[in-house]
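Spelled out, the chains give:
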Amino acid sequence: NAGVTQTPKFQVLKTGQSMTLQCAQDMNHNSMYWYRQDPGMGLRLIYYSASEGTTDKGEVPNGYNVSRLNKREFSLRLESAAPSQTSVYFCASSGQGGDTQYFGPGTRLTVL
Amino acid sequence: KQEVTQIPAALSVPEGENLVLNCSFTDSAIYNLQWFRQDPGKGLTSLLLIQSSQREQTSGRLNASLDKSSGRSTLYIAASQPGDSATYLCAVNQGNQGGKLIFGQGTELSVKP
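None of these values were measured; they are calculated from a predicted model. (Residues numbered from 1 in each chain as written. Chains lettered and ligands numbered in written order. Predicted model: local features only at pLDDT ≥ 70, side-chain atom pairs only at ≥ 80, totals over all residues. Heavy atoms only, no water.)

Chemist: Give a detailed account of the overall build of chain B, specifying residues and quantitative values.
Modeler: Helix and strand counts for chain B come out as zero helices and eleven strands. Helices (α) and strands (β) of chain B occur, in sequence order from the N terminus, as β-β-β-β-β-β-β-β-β-β-β. On C-alpha atoms alone, chain B measures out to a radius of gyration of 13 Å, which is about the 13 Å that the 2.2 N^0.38 rule sets for 113 residues. Overall, the C-alpha framework of chain B stretches about 40 × 30 × 20 Å when taken along its three principal axes. When each of the 113 residues of chain B is scored for burial, the buried share is 43%. Within chain B, counting contacts between residues at least 6 apart in sequence, those at least 24 apart form 54% of the total. For chain B, the computed accessible surface area is about 5,300 Å², with 47% contributed by carbon and sulfur atoms. (Helix = DSSP H or I, 4+ residues; strand = E, 2+ residues; numbered from the N terminus. Rg over C-alpha atoms; globule rule 2.2 N^0.38 Å. Buried < 20%, exposed > 50% of the residue type's maximum accessible area, 1.4 Å probe, protein only. Contact = heavy atoms within 4.5 Å. Areas by Shrake-Rupley, 256 points an atom, 1.4 Å probe, with all protein chains shown as cover.)

Printed below as a string of structure tokens:
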């Protein structure tokens, strides 16, 4: 049972480049989330998907887009990367919105 | 706006000691509270989840308590071991925004042999 998987593990981008972070869960969870973790700021919610077919903004959505491709997969896209988006990105999932959240291993992104 | 605070930011104890990590939150209208562990360079591992109607939860050497009215939660670790060294995060779920968690900054624990 893999739980929550994320790809890639590491990525370096130049300012203005685009990329998509992939997340998949095999726990048949309804809800999925994208967080970013920054020193001194802690973890903050970027976007979430309460169920397949729905997505909503979290605390820091600017500069990002998401797609809930199916029940298993939830991707995060940076259309034009900026140095301020250098961070560690975590995907998480839960059965329902109030349940225990399970996190992936993270993607470490550097934007030069 | 809900704010979550964890004090101290770092803690160093000798092996075998019992210890308490603190978490406080400003808005008592929470749905539940979750404690996580994060090892350096790794993701978060869920330790315990306490519903707003519960007073405590236990798992092995870990015991988490919740006093919603005073806006406090504690994580008690019994007989600490070097393998317990990690950053411990608490997070509050207010029951809206699909289960959004609001995190504290964490307490970095070092257990010395």
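Chemist: Tell me about the interface of chain B and chain A, and name the residues and values.
Modeler: Contact residues are listed per partner, giving 21 residues for chain B and 23 residues for chain A. For the pair chain B and chain A, the summed buried area comes to about 1,600 Å², and 51% of that belongs to carbon and sulfur atoms. Across the contact surface, chain B and chain A share zero salt bridges. On the surface where chain B and chain A come into contact, there are six residue pairs in polar contact (both at pLDDT 80 or more). Taken together, the elements giving at least two residues each to the side of chain B that touches chain A come down to strand S4 (32-38), strand S5 (44-51), strand S9 (86-93) and strand S10 (101-103) of chain B. If you tally residues by element for the side of chain B that touches chain A, the top one is S4(B), at four residues. (Buried area = accessible area lost by both parts, 1.4 Å probe. Salt bridge = Lys/Arg side-chain N within 4 Å of Asp/Glu carboxyl O. Polar contact = N/O pair within 3.5 Å; in protein donor to acceptor, adjacent residues only side chain to side chain.)

Chemist: Could you give an account of the pairing of strand S7 (residues 64-68) of chain A, naming the residues involved and the relevant values?
Modeler: Residues and elements named next belong to chain A. Because side chains alternate across S7, one face comprises the buried residues Tyr-64, Val-66 and Arg-68, and the other comprises Asn-65 and Ser-67, none of which is buried. Pairing analysis gives five bridges linking S7 to strand S8 (residues 74-78), with the strands arranged antiparallel. In the strand pairing of S8, Tyr-64 is matched with Leu-78. Where S7 hands over to S8, the hairpin turn is made up of five residues, counted between the paired strands. (Pairing = 2+ DSSP bridges.)

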